[in-house]
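What follows is the residue order along each chain.
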Amino acid sequence: MAPQEHYHVFSLPPALLASLVPRTILSQASPEAPARPTSPPPTSLAHDGASRTCNLCLGALFTDVDEQRAHFRSDWHRYNVKMRVGGSVAVTETQFIQLVDGLEDSISGSASSTSQLEADEPDADAVNVLVHKARKLETREDEDNSDASQKIPNAPVVWFHSPPSTQIGVYKTIFSHNVATASAASSGEEFLHELRALQVGGGELGRTWALFMTAGGHFAGAIVRVSRPDDEEYEEPVVTKRGRPQKPKPDTEVLFHKTFHRYTTRRKQGGAQSTNDNAKSKAVSAGAMLRRYGEVALRDDIRNLLTDWAEELHACERVFIRASVSNRKIFMGYEGAVLKKDDERLRSFPFPTRRPTQSELYRCLLELTQAKVSHLTEEALRAQDEDYLRSRPKPKPVSSSPTVVPHKHEPLPAVTPEELARLKAGYELRARWEKATELVERGRMDALRSFLAKGDPLGGGVNARMPDGVPDGAPGHTLLMFTARKGHEEAVRWLLEEARADPTISVTRSSVDVVDYGADEEDEAARPLVGGNRRTAYDFAQTKNVRNVFRRCAAEHPQWWDWLGTGEGGARVPSILSKEMEEGRDEKKKARRKSLKEKVRKREALQKEKEVETESVKVAESPKPSLAGPSRAPKDDGPRKLGGSATAQDSLMGTTPEMRARIERERRARAAEARLKK
């Protein structure tokens, strides 16, 4: 008889189950990694029952509570706490003192990475440096051990072999957590032992699972029975008279199922509305409101269904959930939740799934409960293992002789505490300058005022020079220069009038970028001065409005600075701008606009007069009589109205040139009177 192609995981044939052996991919055992040195046993001290100790630090003994509290604040205790949290061992007080002494020797003149860590992180103390150094050494040891050993791939399916040529594959997720999370080298027999245990123990109603899926507003849930009750025995497949196997009783049965859908995502867009609201601003459209309502309704429907199925869920052996990180909050983590986050029955589907529907749930159920079957001989399996071993990278050879680690770099110069403090101060100063320039670029004046009012954040008052490394800044510039270059009028006005920033501070031309003053129309007196190697804050102003702020301040407070000076100590402002000058300039602009309007009005009137004269000349011109005799009017055989033609040209027919000119003058006079009346 041909071998069976489908096996149910919970009802495997006894003969097949008895012949199964674990199927290992690697044919040889991995070399054991060297064990890490364990912590020394605690020092045995004779102490009475009233003495106090520390359960973490080895050999710590205290006489009173104050001494114990002081120990909890010590570097020794802090170091042991951090090491134990990271999974390492604690050290004794003597070992800790040796580590600190070695650290001080390293800082004084060695080429270790500890000094570099302290240079990069000025706030790091000795405890943090020691913990970083210990973890780095442990990481290096783990990498060496992993390179020396071959790793077994972590596949979602565990395979068993039945001689001579049958292999059975079962998903690991159906096993218990203790077996599924065990190492591959020790879990083969455990998987086989639990697989045999799964064939019995279903109880009176059999084993039940719960499967839930939700995505894109769709939900599908079911409670299924995956194994028969214990009172039902395994039945061999019956062959009919025609030689065909009789259709067996189904191994799985759907007890409860429910599917529903809510409108939570835009069509062909994807993503929940709540996720979009958290990433962007909250939308106020009608569709967004409907999607928010759909999300709340979907959550309530699912939770109500879980409450209705609470008794059946408690009896389930496994609970499979397919949901995103945000949608998993629907099933657990709320008040009165049926499922808990730390429930060991929770599983995820170890394979891709499609839209949540009842048919998809049944497909996933069959995928989980039907064993994968292959028929390969032992020779084919051995050849497959050899090909796999040849495809893996070869492990690095481990030398038996003690290796000497050479020094890769020359010893770095010693870092003194004064230099370390200077580096820290420079880093903090650059950070404060970056914050000040960011506030200026965003135009946040209130925040800038409060920031500059806190002590001396710029390291020299409002006239301090900008250090190196400030983004979008130039070394040696002041905050006033930076603000004028960015074109913020209010900030420049506040710095000049309230903060009393010095506009006479200058930099050399070689360290100044080329400034494009634009082609805006303004007075020639406001143009920056050309020539010289000095550049002040006024020279960095790129807009007319910012330059006028300097000129107004020079007019209102002439005694503060040498505004108009061009030499050393001068602000290089070309001229002042008082209120009277601005008012006079505004009056001139109004008069200029008025004169332009009058010119336009006169030009339009002349244009209309020219058009009228042109029409009159065309009318005045008439055809001259020919020498052969009087001209005859064109023959018109059509009907004509009494009183002659209604057109102006026909009314002037037969008149002398003097009469036509007189009529034209009268017509023009009447047109002029009509215009005056308007």
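As the structure is a prediction and not an experimental result, all values here were calculated from the model.

Novice: Honestly, the pairing of strand E6 (residues 166-171) in this entry has me stumped. Any pointers?
Specialist: Across a regular strand the side chains alternate sides, sitting on one face of the sheet and then on the other. Within E6, six of the six residues are buried, which leaves it mostly tucked inside the rest of the structure. Of the two faces of E6, the one carrying Thr 166, Ile 168 and Val 170 and the one carrying Gln 167, Gly 169 and Tyr 171 are both buried. Taken together, the six bridges between strand E5 (residues 157-162) and E6 define a ladder with antiparallel strand orientation. Within E6, the residue paired with Trp 159 across the bridge is Gly 169. Two successive antiparallel strands, E5 and E6, enclose a turn made up of three residues. Relative to strand E12 (residues 370-374), E6 runs antiparallel, the two sharing three bridges. If you follow Gln 167 over to E12, its bridge partner there is Ser 374.

Novice: Which parts of the structure should I look at to understand the sheet that holds strand E11 (residues 346-347)?
Specialist: Hydrogen bonds between backbone groups are what pair the strands of a sheet, and the pairing can be parallel or antiparallel. Across the sheet, which stays open at both edges, the five strands sit in the order E9-E8-E7-E10-E11 with mixed pairing between neighbours. Strands at the two margins of the open sheet, each flanked by one partner only, are strand E9 (253-261) and E11. Here five bridges tie strand E7 (residues 208-215) to strand E10 (residues 318-322), and the two strands are oriented parallel to one another. In the strand pairing of E10, Phe 212 is matched with Ile 321. Against the sheet, helix H10 (residues 286-308) makes contact with E7, strand E8 (218-225) and E9, and its axis sits at roughly 160° relative to E9, the strand it touches most.

Novice: Would you mind going over the side chain of Thr 252 with me for this structure?
Specialist: On the secondary structure map, Thr 252 appears in the loop between E8 and E9. Residue class for Thr 252 comes out buried when judged on its relative accessible area of 10%. Apart from residues lying up to four places away in sequence, Thr 252 is in contact with His 8, Arg 225, Val 226, Tyr 362, Leu 365, Leu 366 and Thr 369.

Novice: Honestly, a nonpolar patch on the surface in this entry has me stumped. Any pointers?
Specialist: On the surface, Leu 564, Ile 576 and Met 581 cluster together to form a nonpolar patch covering roughly 250 Å² of accessible area. With a relative accessible area of 40%, Met 581 lands in the partly exposed category.

Novice: What exactly am I supposed to notice about the nonpolar core here?
Specialist: With 39 residues, the main nonpolar core has Leu 480, Val 492, Leu 496 and Phe 550 as its most contacted residues. Looking at this core, the elements that each hand over two or more residues are helix H14 (417-442), helix H15 (445-453), helix H16 (479-486), helix H17 (489-497) and helix H18 (544-556). Discounting residues that sit within four places of it in the chain, Val 492 has contacts with Leu 480, Thr 483, Ala 484, Val 546, Val 549 and Phe 550. In terms of nonpolar packing, the next biggest core, distinct from the first, is built from 34 residues, Leu 17, Phe 175, Trp 209 and Val 224 among them.

Novice: Hey, could you run me through a positive patch on the surface in this one?
Specialist: There is a patch of like positive charges on the surface, built from Lys 588, Lys 590, Arg 592, Arg 593 and Lys 597. Relative to the helices and strands, Lys 597 is located in helix H19 (residues 579-620). Lys 597 gets classed as exposed once you look at its relative accessible area, which sits at 57%.

Novice: I'm lost on the packing of aromatic side chains in this one. Help?
Specialist: Two descriptors summarise a pair of aromatic rings, namely the distance from one centre to the other and the angle between the planes of the rings. As enumerated under the stated definition, the model contains 12 aromatic pairs in all. Relative to Phe 191, the ring of Phe 175 lies with its centre 4.9 Å away and its plane at 65°, an arrangement referred to as edge-to-face. A residue pair is termed long-range when its members are at least 10 positions apart, and Phe 175 in the loop between E6 and helix H7 (177-180) and Phe 191 in helix H8 (residues 184-197) qualify at 16 residues. Here Phe 175 and Phe 191 have matching classes, each one buried. Aromatic side chains Phe 212 and Phe 219 sit 6.3 Å apart centroid to centroid with 20° between the ring planes, which places their arrangement in the stacked category. Ring pairing ties together the aromatic residues Phe 10, Tyr 171, Trp 209, Phe 320, Phe 349 and Phe 351, which thus form one cluster. Over the face of the ring belonging to Tyr 334 we find Arg 303, whose NZ or CZ atom lies 3.9 Å from the ring centre. Against the face of Trp 560 rests Arg 500, its NZ or CZ located 3.8 Å from the ring centre.

Novice: It is not clear to me how the pattern of salt bridges should be interpreted in this structure. Could you clarify?
Specialist: Applying the stated criterion to the full structure yields 19 salt bridges. The salt bridge involving Asp 301 is made with Arg 262; its shortest N-O contact spans 3.0 Å. In this pair, Asp 301 sits in helix H10 while Arg 262 sits in the loop between E9 and helix H9 (273-279), placing the two residues 39 residues apart along the sequence. Looking at Asp 301, the relative accessible area reads 23%, which means it is partly exposed. The class for Arg 262 is partly exposed, based on a relative accessible area of 29%. A salt bridge links Arg 354 to Glu 360, with the nearest nitrogen and oxygen atoms 3.5 Å apart. On the basis of relative accessibility, which here comes to 4%, the residue Glu 360 falls in the buried class. In the salt-bridge network here, residues are joined through shared partners; they are Arg 354, Glu 360 and Arg 363.

Novice: In this structure, what is going on with the environment of Leu 479? I would like to understand it.
Specialist: Among the secondary structure elements, Leu 479 is positioned in helix H16. Classification of Leu 479 by relative accessible area gives buried; the value is 0%. Sequence separation between Leu 479 and Val 492 is 13 residues, and the spatial gap between their C-alpha atoms is 9.4 Å. Beyond its immediate sequence surroundings of up to four residues, Leu 479 is in contact with Trp 433, Val 440, Leu 452, Leu 458, Val 462, Ala 464 and Leu 495.

Novice: Sorry if this is basic, but what is going on with a negative patch on the surface here?
Specialist: On the surface, Glu 580, Glu 583, Asp 586 and Glu 587 cluster together into a patch of negative charge. The residue Glu 587 is located in helix H19 in this model.

Criteria and thresholds
- Residues take numbers from 1 onward in each chain, read along the sequence in its written order.
- Confidence filtering applies because this is a predicted model: local features only for residues at pLDDT of at least 70, side-chain atom pairs given and counted only at 80 or more, and all residues used for totals across whole chains, interfaces and linings.
- As a rule here, side-chain values cover all heavy atoms of the structure and leave hydrogens and water aside.
- The classification of residues rests on relative accessible area computed with a 1.4 Å probe and restricted to protein chains. Under 20% of the type maximum is buried, over 50% is exposed, and intermediate values are partly exposed.
- Under the DSSP-based scheme used, a helix requires at least four consecutive residues in state H or I and a strand at least two consecutive residues in state E, with every element numbered from the N terminus.
- Only strands that DSSP links by at least two bridges are regarded as paired with each other.
- Residue contacts are counted whenever heavy atoms from the two residues lie within 4.5 Å of one another.
- Interaxial angle, 0 to 180 degrees, is taken between N-to-C directions of lines fitted to C-alpha atoms, where a helix line uses only the stretch in contact.
- Residues form patches when they are more than 30% accessible in relative terms and have no salt bridge. Like charges link within 9 Å. Nonpolar side chains (Val, Leu, Ile, Met, Phe, Trp, Tyr) link within 5 Å.
- Here, Shrake-Rupley sampling with a 1.4 Å probe gives the accessible areas, and only protein chains in the shown set may cover a residue.
- Whenever a carboxyl oxygen of Asp or Glu lies within 4 Å of a side-chain nitrogen of Lys or Arg, that contact is scored as a salt bridge.
- Nine residue types can take part in a nonpolar core, namely buried Ala, Val, Leu, Ile, Met, Phe, Trp, Tyr and Cys, and a core is a set of them joined through side-chain atoms within 4.5 Å.
- A residue counts as positive if it is Lys or Arg and as negative if it is Asp or Glu; His and the chain ends are not included.
- The atom standing in for a charge is NZ when the residue is Lys, CZ when it is Arg, CG when it is Asp and CD when it is Glu.
- Note on aromatic pairs: the rings of Phe, Tyr and Trp (six-membered ring only in Trp) are paired at centre separations within 6.5 Å, and the planes decide the class, stacked below 30 degrees, edge-to-face beyond 60, tilted for the rest.
- In our convention, an over-ring charge means Lys NZ or Arg CZ found within 6 Å of a ring centre and within 35 degrees of that ring's normal.

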